[in-house]
Amino acid sequence: MEADFSAVTGQHFNMAVIDLQHITRTYTSGSVAVHALRGIDFTLQAGNFVSIMGSSGSGKSTLMNILGCLDKPTEGRYLLNGTDISALKRDELAAIRNETIGFVFQNFHLLPRTSALENMELPLLYKRDPLSWKEIRQKAAEALEIVGLADRMDHTPSQLSGGQQQRVAIARALVTSPKLLLADEPTGNLDSRTSLEIIELFQRLNDEGLSILMVTQEPDIAQFANRIIILRDGLIQTDKQVQKRSAASELQTWKDESESLS
Amino acid sequence: MKLSAVPITAIKALRRNTMRTLLTALGIIIGVAAVITMVGLGQGAKSEVEEQVNRLGQNVVLVFPGARQLGGVSIGGGSANTLTVEDAHAIRDEIPEVIAASPEVRSQRVLVYGNRNWFTRIYGQSADYLQIRQWPIESGEMYTEEDVERAALVAVVGQTIVDELFEGADPIGETIRVRGLPLTVIGVLAPKGMSLMGSVQDDIVLVPYTTAFQRISGRSHAMVINVQVFNQQSMEIAQAKITDLLRERHGLAPYQEDDFTVQTQEEVAQAATETSRVMTVLLASIAGVSLLVGGIGIMNVMLVSVTERTREIGLRLSVGARGRDVMLQFLIESVILCLLGGLGGIALGAIATELIASYAGWPALFSTEAMFTAVSVSAAVGLFFGFYPAWKAARLDPIEALRRE
């Protein structure tokens, strides 16, 4: 898996994975127009880990949906690996969602009453070049291994803890070996210890070359990225590089503390 | 989407809600079973009629009294007293193509033998009736021309009479009574089975028509004249000649309609076949309605399923499923549901056909043709009624779908 990401990202290392040029998104409900995004410009270089913050209504989710090719901007250009997304049709967007982007939802969105392994298989079933069942099984198992849930393959979501469910969701986002991971409040429903574990996993994947864009409400979670963008009223208010904190070392500190307590 | 994953996904989805799947399929099961049973009964009746045509006898023409239809004006119908014994004799004697003619008179009477009795039909016929009907004698012998002439008190009985009145014992030489009139049994007919109209032909007693007219029925006119023509080619000309002869004998002026009807056995059989065909179509249509209702049930459940699984659809779309992948998934699910129903319907239909055939004694055929039709029809029902829900699912917007609770 390590080789996978470096090979993919290495090629385009100097190229912007995401290039947003004056993106706007206006919803019209009845006669009222709601300007969710008023003109967003930014580029994301390969291998970066970006946090996007902002209060609710600032346009975070709209931006994520556009970045994830689930929605199209009203105006502006969105270049993903150099391809203009705005011009693509519904099915072509589906193909990009399938192969280029991994999306992690706040609410996990796992198929209920379906094993972790089968949840992994879902994106692989929709690959444009169908894989053999053997390859599908193998890739699904590998993805679960990355997030450390190889021993929970047969568990259904209801048999897993929240953190484990989120890790299954992350594994599902990774199973098609995407170049870009988008995470919409991935720690929103988790306790701080579990959140830290998820962030540690993100940092590990990022170190291996995966570009990550994560929306979060929590400032201390945002600190683990190397760039923080703050949105306000559909515009970028702040965009700054930061020294990223190491989730691994904080996790270690946490462990040490809890050991000394017990 | 990977094609082999489509049916697997569909079956998993159906198994997740076993009870609902079974109840939905039940609608199709009942519909298909009804169609199969009705078609089976219809085809059974049809083949029975066809078989009857062969059993009817060879080159037979039937002359009925009265005209059955006269451009809307009926004059007397089939029971009019227009055919006489002399008409029958004239047909036999004056038309060269005719080799036998038997005036028929039927009565329903109670037979008494010892302390047993049996309600049956007594047919007055000429001595050559069995030759006309190609009906062999099993034991004993048929009455003769002389027996007819002197109105002898003799009878030839069918197999049912032997079984019911004599309890299977040999009846030859025994005396049975009809309203006190003693008849000596001189022959037993070979078993024949069911008639066109579904009555048991073996439930019959044959007596000379003279005996029937004078001593049993109290009638003076023939109800039918059974005529045998000597070969197939002469049938049409014989029919024409019979018509001319009877018009002349009945003194009909050219402007008057026939007061009788001449029909070949084939025409009678055709009418019966047509009747059974119409019945089959009618019954199958009614059964088809229940299949339609089953299909609507499928549509209902698939619509509920699409609504319930909106988030799943949203998820599938967001991980790369195209609209048509989602559509295919729901279509196949509906088709599999219907095919399940189709298979169950075949099984239930086979059992029902068998039960009706053995219990009600109706002839019924379980045809593979009806089976294939049922399966393809149920698949078509699945496609048709699954299309709208599937299309609805495919049109969903991934973001909206994911947000739906």
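Residues numbered from 1 in each chain as written. Chains lettered and ligands numbered in written order. Predicted model: local features only at pLDDT ≥ 70, side-chain atom pairs only at ≥ 80, totals over all residues. Heavy atoms only, no water.

A. Broad picture of the overall build of chain B. Of the regular secondary structure elements, chain B holds 13 helices and 10 strands. Over its C-alpha atoms chain B spans a radius of gyration of 32 Å, topping by over 25% the 22 Å that the globule rule assigns to 405 residues. Projected onto its principal axes, the C-alpha positions of chain B cover 100 × 55 × 30 Å. Of all 405 residues assigned to chain B, the portion counted as buried reaches 52%. Once local pairs closer than 6 in sequence are excluded, the contacts in chain B between residues at least 24 apart make up 77%. Surface accessibility of chain B: about 18,900 Å² in total, with carbon and sulfur atoms responsible for 58%. Distance from the positive charge centre (33 side chains) to the negative charge centre (41 side chains) of chain B: 17 Å. (Helix = DSSP H or I, 4+ residues; strand = E, 2+ residues; numbered from the N terminus. Rg over C-alpha atoms; globule rule 2.2 N^0.38 Å. Buried < 20%, exposed > 50% of the residue type's maximum accessible area, 1.4 Å probe, protein only. Contact = heavy atoms within 4.5 Å. Areas by Shrake-Rupley, 256 points an atom, 1.4 Å probe, with all protein chains shown as cover. Lys, Arg positive; Asp, Glu negative; His and termini not counted. Charge placed at Lys NZ, Arg CZ, Asp CG, Glu CD.)

B. The arrangement of the overall build of chain A in detail. Broken down by element type, chain A carries 9 helices and 10 strands. Relative to a compact globule of 262 residues, whose C-alpha radius of gyration would be 18 Å, chain A shows 18 Å and is just as compact. In chain A, buried positions account for 53% of the 262 residues. Pairs at least 24 apart in sequence give 71% of the contacts found in chain A among residues at least 6 apart. Summed over its atoms, the accessible surface of chain A is roughly 11,300 Å², and 47% of this surface lies on carbon and sulfur atoms. With 26 positive and 33 negative side-chain charges, chain A shows a separation of 5 Å between the mean positions of the two kinds.

C. Expanded view of the interface of chain B and chain A. The interface is formed by 28 residues belonging to chain B together with 27 residues belonging to chain A. Here chain B and chain A share an interface that buries about 2,400 Å² over both sides, 58% of which is from carbon and sulfur atoms. Counting every contact that joins chain B to chain A gives 2 salt bridges. A salt bridge links B:Arg324 to A:Asp91, with the nearest nitrogen and oxygen atoms 2.9 Å apart. Scanning the region where chain B abuts chain A turns up 11 residue pairs in polar contact (both at pLDDT 80 or more). When contributions to the side of chain B that touches chain A are tallied by element, the ones reaching two or more residues are helix 1 (5-15), helix 10 (310-318), helix 11 (323-359) and helix 13 (398-403) of chain B. Among the elements that take part in the side of chain B that touches chain A, helix 10 of chain B stands out by supplying 6 residues, more than any other. Looking at the side of chain B that touches chain A residue by residue, the classes come out as 12 nonpolar, 5 polar and 11 charged. (Buried area = accessible area lost by both parts, 1.4 Å probe. Salt bridge = Lys/Arg side-chain N within 4 Å of Asp/Glu carboxyl O. Polar contact = N/O pair within 3.5 Å; in protein donor to acceptor, adjacent residues only side chain to side chain. Nonpolar A, V, L, I, M, F, W, Y, C, P; charged D, E, K, R; others polar.)

D. Summary view of the nonpolar core. In terms of nonpolar packing, the biggest core is built from 113 residues, with A:Ile18, A:Phe42, A:Leu67, A:Tyr78, A:Leu80, A:Phe202 and A:Leu213 touching the most fellow members. When residues of this core are assigned to their parent elements, the largest contribution, 8 residues, is made by helix 11 of chain B. Apart from residues no more than four positions distant in its own chain, A:Phe202 is found in contact with A:Phe49, A:Ile170, A:Leu181, A:Ala183, A:Pro186, A:Ile212 and A:Met214. By size, the runner-up hydrophobic cluster in this structure holds 65 residues, among which are B:Val60, B:Phe64, B:Ile122 and B:Ile216. (Core = buried A, V, L, I, M, F, W, Y, C linked by side-chain atoms within 4.5 Å.)

E. Representation of the packing of helix 3 (residues 85-94) of chain B against helix 8 (residues 235-249) of chain B within the structure. All names here are of chain B. The geometry of helix 3 relative to helix 8 is characterised by a closest axis approach of 10 Å and an angle of 135° between their N-to-C directions. Judged by the angle between their axes, helix 3 and helix 8 are oblique. Relative to helix 8, helix 3 is oriented so that their crossing is right-handed. Across from Glu-86, Asp-87, Ala-90, Ile-91 and Glu-94 in helix 3, the residues of helix 8 making contact are Ile-242, Leu-245, Leu-246 and Arg-249. Per-class residue counts for the contact of helix 3 with helix 8 are 5 nonpolar, no polar and 4 charged. (Axes fitted to C-alpha atoms, helices over the stretch in contact; angles between N-to-C directions. Parallel < 35°, antiparallel > 145°, perpendicular 65-115°, else oblique. Left-handed = near helix turned anticlockwise from the far one by under 90°.)

F. Molecular detail of a nonpolar patch on the surface. Residues and elements named next belong to chain B. Taken together, the side chains of Met-19, Leu-23, Leu-26, Ile-30 and Leu-348 present a nonpolar region at the surface, about 470 Å² in accessible area. No other element matches helix 2 (residues 18-55), which puts 4 residues into the nonpolar patch. Checked against the element boundaries, Leu-348 lands in helix 11. (Patch = residues over 30% accessible without salt bridge, like charges linked within 9 Å, V, L, I, M, F, W, Y side chains within 5 Å.)

G. Geometry of the sheet that holds strand 2 (residues 32-45) of chain A. Residues and elements named next belong to chain A. Read from one edge to the other, the open sheet built from 4 strands follows the order 2-1-4-5, with strand pairing classed as antiparallel. Because the sheet does not close on itself, it has two edges, and the strands there are strand 2 and strand 5 (83-84). Note: strand 4 (residues 75-80) against strand 5, 2 bridges, orientation antiparallel. In the strand pairing of strand 5, Leu-80 is matched with Thr-83. (Pairing = 2+ DSSP bridges.)

H. Fine view of the domain arrangement of chain B. We note that the domain assignment places domain 1 (5-51 + 271-403) and domain 2 (99-231) within chain B. For domain 1 of chain B versus domain 2 of chain B, the distance between C-alpha centres works out to 53 Å. (Domains from an automatic or database assignment.)

I. Unusual backbone geometry, seen in detail. All names here are of chain A. The phi dihedral of Cys-69 is positive, around 60°, even though this residue is not glycine. Mapped onto the fold, Cys-69 is located in the loop between helix 2 (60-67) and strand 4. For Cys-69, a relative accessible area of 0% gives the class buried. Despite not being glycine, Arg-113 shows a phi value in the positive range, around 55°. Structurally, the position occupied by Arg-113 is in the loop between strand 6 (101-104) and helix 4 (116-125).

J. Highlighting the pattern of salt bridges. In this structure the tally under the stated criterion is 24 salt bridges over all chains. Its salt-bridge partner being A:Asp84, residue A:Arg77 comes within 3.4 Å of it at the nearest N-O pair. Residue classification places A:Asp84 among the partly exposed positions, given a relative accessible area of 22%. One salt bridge in this structure joins B:Arg116 and B:Glu167, with 3.4 Å as the shortest N-O distance. Of this pair, B:Arg116 sits in strand 3 (residues 116-125) while B:Glu167 is found in the loop between helix 6 (159-165) and strand 6 (175-178), placing the two residues 51 residues apart along the sequence. Judged by relative accessible area, which is 60%, B:Glu167 ranks as exposed. What emerges from the salt-bridge pattern is a single network uniting B:Arg309, B:Glu312, B:Arg316 and B:Glu333.

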